[in-house]
Amino acid sequence: MDVESLRYVVTLAEELHFGRSAQRHYLDAGHFSRRVQRLERDLGARLFDRTSRRVALTPAGERVVAHARAVLAALDRLPEVAGPPPEDDTVVRIGVLGFGAADRWPALRDVVTAVAPGVRLLHEDLDMHDQYEAVRRGDLDVGLVQHLGAVDGLDFRTVLRTPSVVVVPAGSALADAARLTRADVADEPWLRMSGAHPRFRDWIGPGGVDGRGSAVRHPAAIPAAVATTGLLGIHGAAAGRYFPRPDVRFVPFEAPAVEVAVVTRAADTRPVVEAFRRAADAVAAAGAIVADPAHDRPPVAVVE
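### As for the overall build of the protein
Here's step 1: When you go through the protein residue by residue, the secondary structure sums to 12 helices and 14 strands.
Here's step 2: Residues counted as buried form 44% of the 304 residues belonging to the protein.
Here's step 3: Across the protein, every contact between residues at least 6 apart in sequence was considered, and the portion connecting residues at least 24 apart equals 69%.
Here's step 4: With the model as given, the accessible surface of the protein reaches about 15200 Å², and the carbon-plus-sulfur share is 53%.

As structure tokens, then:
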């Protein structure tokens, strides 16, 4: 599989004609067709239906082309990433995973804006799979992520700890449990959850290996996925307040607490990034917020 073959299938998806597609790449139509066929063999799926009169995308082809466009867009950004950093040090791109720093965010923001007046904060969503890489690649300056352990090139400052919970369908026999252990849920079916870090797979347990269905990539989607499928999910207790639903319950679980951290590139020493690190340290020193699993009472401040 190679980059040019991805470009060929994207072009063919646009033209739905081998001759015109080959012309756009200054190739012989036969050579172009063979490259597309080779990619189909590599993927083990037919991407296009071909007749003497028409070319049409298959369902698999639609999915592959959508992903190919995303891959090519990321590759096309490499020259931009390799270029000099932007001179505007007043703009900070922040990626947020799920409920982010929750109750701690106002304090973080206030410290940063006091240290760096005039800073402009831009928000982007993160998902569980790319929460670290988006910062490490330089796509984002700061991330509010789930901290699972050291990652080369990244600096983590924990600002919040919240107990783990099992997200359970309201009609489940487990919904009224005061607390669940791993033995209680050992034989239950789980959602499949996405996460690139090995310790994330340890935390989600059966959801990382034996989970069912398409992998859930965003924390906000977990309660809805549980309600829809009847499967179990794992989350932080703060989710009970930030993603409440009448058809699921958030039951305390014997798993390590969820740690939310401010992550930056270790080599990034710009003043505004240093301001975020100092803000995270100040918030942590003041006391982390532990979300109440019942989610109908205010959070409890715990000084560590």
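Alright, that's what it looks like, and here's the rest.
### Side note on the sheet that holds strand β3 (residues 91–97)
Here's step 1: The 5 strands lie next to each other as β4-β3-β5-β12-β6, forming an open sheet whose pairing is mixed. Each edge of the sheet is formed by a strand with only one pairing partner; in this case those strands are β4 (120–126) and β6 (154–162). Across the sheet, the axes of successive neighbouring strands diverge by a mean angle of 25 degrees, strand direction being ignored.
Here's step 2: Sheet contacts for helix α12 (residues 271–286): β3, β4, β5 (142–146), β6 and β12 (258–265); angle to β6, the most-contacted strand, approximately 35 degrees.

### A word on helix α1 (residues 3–15)
Here's step 1: Helix length check: α1, at 13 residues, gives a terminal C-alpha distance of 19 Å against a target of 18 Å (1.5 Å per residue), a fit within 8%.
Here's step 2: Of the positions making up α1, those classed as buried are Ser5, Leu6, Tyr8, Val9, Val10, Thr11, Leu12 and Ala13.
Here's step 3: As for α1, its buried residues are in contact with α2 (18–24), α3 (29–43), β1 (48–50), β2 (55–57) and α4 (59–76).
Here's step 4: Near the N-terminus of α1, the side chain that reaches the backbone nitrogen of Glu4, with its oxygen 3.1 Å away, is that of Asp2.
Here's step 5: Looking at the residues trailing α1, positive phi occurs at Leu16, about 50 degrees.

### Describing the pattern of salt bridges
Here's step 1: Scanning the entire structure with this criterion turns up 23 salt bridges.
Here's step 2: For Arg217, the salt bridge identified is with Asp127, shortest N-O distance 3.1 Å. Here Asp127 lies in the loop between β4 and α7 (133–136) and Arg217 lies in the loop between β9 (212–216) and α10 (222–229), a separation of 90 residues in the sequence.
Here's step 3: On the accessibility criterion, Asp127 (15% relative accessible area) is buried.
Here's step 4: Ionic pairing is found between Asp155 and Arg157, a salt bridge with its closest N-O pair at 2.7 Å.
Here's step 5: What makes Asp155 buried here is its relative accessible area of 19%.
Here's step 6: In the salt-bridge network here, residues are joined through shared partners; they are Glu14, Glu15, Arg20, Arg24 and Arg69.

### So, the packing of aromatic side chains
Here's step 1: Under the counting rule described, the total for this entry stands at 6 aromatic pairs.
Here's step 2: Centroid distance Tyr132 to Phe156: 5.5 Å. Interplanar angle 85 degrees. Geometry classified as edge-to-face. Separated by 24 residues along the polypeptide, Tyr132 in the loop between β4 and α7 and Phe156 in strand β6 bring together distant segments of the chain. Summarising the burial analysis for this pair, Tyr132 and Phe156 share the class buried.
Here's step 3: Each ring, one from Trp190 and one from Phe253, has its centre 6.3 Å from the other, and the planes form 45 degrees; the classification is tilted. In this pair, Trp190 is assigned in the loop between β7 (164–169) and β8 (191–193) and Phe253 in the loop between β11 (248–252) and β12, connecting sequence segments 63 residues apart.
Here's step 4: Taken together, Tyr8, Phe18 and Phe32 form an aromatic cluster joined through their ring pairs.

### Quick word on a nonpolar patch on the surface
Here's step 1: Where nonpolar side chains cluster on the molecular surface, the patch consists of Val3, Val71, Leu75 and Leu78 and spans about 290 Å² of accessible area.
Here's step 2: Secondary-structure assignment places Val3 in helix α1.
Here's step 3: Exposure remark for Val3: the relative accessible area of 35% places this residue in the partly exposed category.

### Points about the pairing of β7
Here's step 1: Burial analysis of β7 places 6 of its 6 residues in the buried class, the great majority of the element.
Here's step 2: Burial of β7 is two-sided: the residues Ser164, Val166 and Val168 facing one way and the residues Val165, Val167 and Pro169 facing the other way are all buried.

Cut-offs applied
- Residues numbered from 1 in each chain as written.
- Predicted model: local features only at pLDDT ≥ 70, side-chain atom pairs only at ≥ 80, totals over all residues.
- Heavy atoms only, no water.
- Helix = DSSP H or I, 4+ residues; strand = E, 2+ residues; numbered from the N terminus.
- Buried < 20%, exposed > 50% of the residue type's maximum accessible area, 1.4 Å probe, protein only.
- Contact = heavy atoms within 4.5 Å.
- Areas by Shrake-Rupley, 256 points an atom, 1.4 Å probe, with all protein chains shown as cover.
- Pairing = 2+ DSSP bridges.
- Axes fitted to C-alpha atoms, helices over the stretch in contact; angles between N-to-C directions.
- Expected span 1.5 Å × (residues − 1).
- Polar contact = N/O pair within 3.5 Å; in protein donor to acceptor, adjacent residues only side chain to side chain.
- Salt bridge = Lys/Arg side-chain N within 4 Å of Asp/Glu carboxyl O.
- Phe/Tyr/Trp six-rings, centres within 6.5 Å; stacked < 30°, edge-to-face > 60°.
- Patch = residues over 30% accessible without salt bridge, like charges linked within 9 Å, V, L, I, M, F, W, Y side chains within 5 Å.

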